[in-house]
Amino acid sequence: MQAPKSRRQHARYSVELPIQVVNSNTNNIIGTLVNISRGGLLIVGDQALTENKLYQLELKLTKPVLDKLSIKIAVDCLWHESADQSGQLVWSGCQIIDCIDEEVNYLVEAMAQSSQLSV
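Note that the structure is a prediction, hence the values are computed from the model and not measured.

A. Molecular detail of the overall build of the chain. Of the regular secondary structure elements, the chain holds one helix and seven strands. If you list the helices and strands of the chain from N to C, you get β-β-β-β-β-β-β-α. Going through the 119 residues of the chain one by one, you find that 36% of them count as buried. When contacts within the chain are restricted to residue pairs at least 6 apart in sequence, those whose partners lie at least 24 apart make up 55%. Accessible surface for the chain amounts to roughly 7700 Å². Of this, 46% is attributable to carbon and sulfur atoms.

B. Molecular detail of the nonpolar core. Judged by nonpolar contacts, the single largest core of 24 residues is most densely connected at Leu-41 and Leu-59. The set of elements that each furnish at least two residues to this core consists of strand E3 (29-36), strand E4 (40-45), strand E5 (54-65), strand E6 (68-82), strand E7 (90-99) and helix H1 (101-114). No other element matches the five residues that E5 contributes to this core.

C. Focus on the pattern of salt bridges. Summed over all chains, the structure comprises one salt bridge. For Lys-60, the salt bridge is made with Glu-58, and the minimal N-O distance between the two is 3.5 Å. Among the residues examined, Lys-60 registers a relative accessible area of 34% and is labelled partly exposed. Residue classification places Glu-58 among the buried positions, given a relative accessible area of 12%.

D. Focus on the pairing of E4. Of all six residues in E4, six are buried; the element is thus mostly enclosed. A two-sided burial pattern is seen for E4, the buried positions comprising Gly-40, Leu-42 and Val-44 on one face and Leu-41, Ile-43 and Gly-45 on the other. As consecutive antiparallel partners, E3 and E4 are separated by three residues. In terms of strand pairing, E4 meets E7 through six bridges, oriented antiparallel. Among the inter-strand pairings, Gly-40 is bridged to a residue of E7, identified as Gln-95.

Calculation criteria
- Residues numbered from 1 in each chain as written.
- Predicted model: local features only at pLDDT ≥ 70, side-chain atom pairs only at ≥ 80, totals over all residues.
- Heavy atoms only, no water.
- Helix = DSSP H or I, 4+ residues; strand = E, 2+ residues; numbered from the N terminus.
- Buried < 20%, exposed > 50% of the residue type's maximum accessible area, 1.4 Å probe, protein only.
- Contact = heavy atoms within 4.5 Å.
- Areas by Shrake-Rupley, 256 points an atom, 1.4 Å probe, with all protein chains shown as cover.
- Core = buried A, V, L, I, M, F, W, Y, C linked by side-chain atoms within 4.5 Å.
- Salt bridge = Lys/Arg side-chain N within 4 Å of Asp/Glu carboxyl O.
- Pairing = 2+ DSSP bridges.

Here it is as structure tokens:
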């Protein structure tokens, strides 16, 4: 029997530095970026994003990427689930649907060089 294929199309990399994720429409902090790929990202925060809802997000960087301290992206929240026993933290998995490819690709490459591949 063969193992099931992963649904991921792109390698996903853990984020070593804290990167805040902000809702661009409300300026509310959603959470922290956990990992990223060219096609998606994982956020952990104290509130779940709504599944099948589009969000305009801003990734607040601690080090510049292409001379910028933030990257704006549009995502579709695909799922969410509790991240801890208490239910106070929530994972939210999102698909990137719009971005400046050069910025996201550069960020992904930086994460690939500074961390190990996570599956």
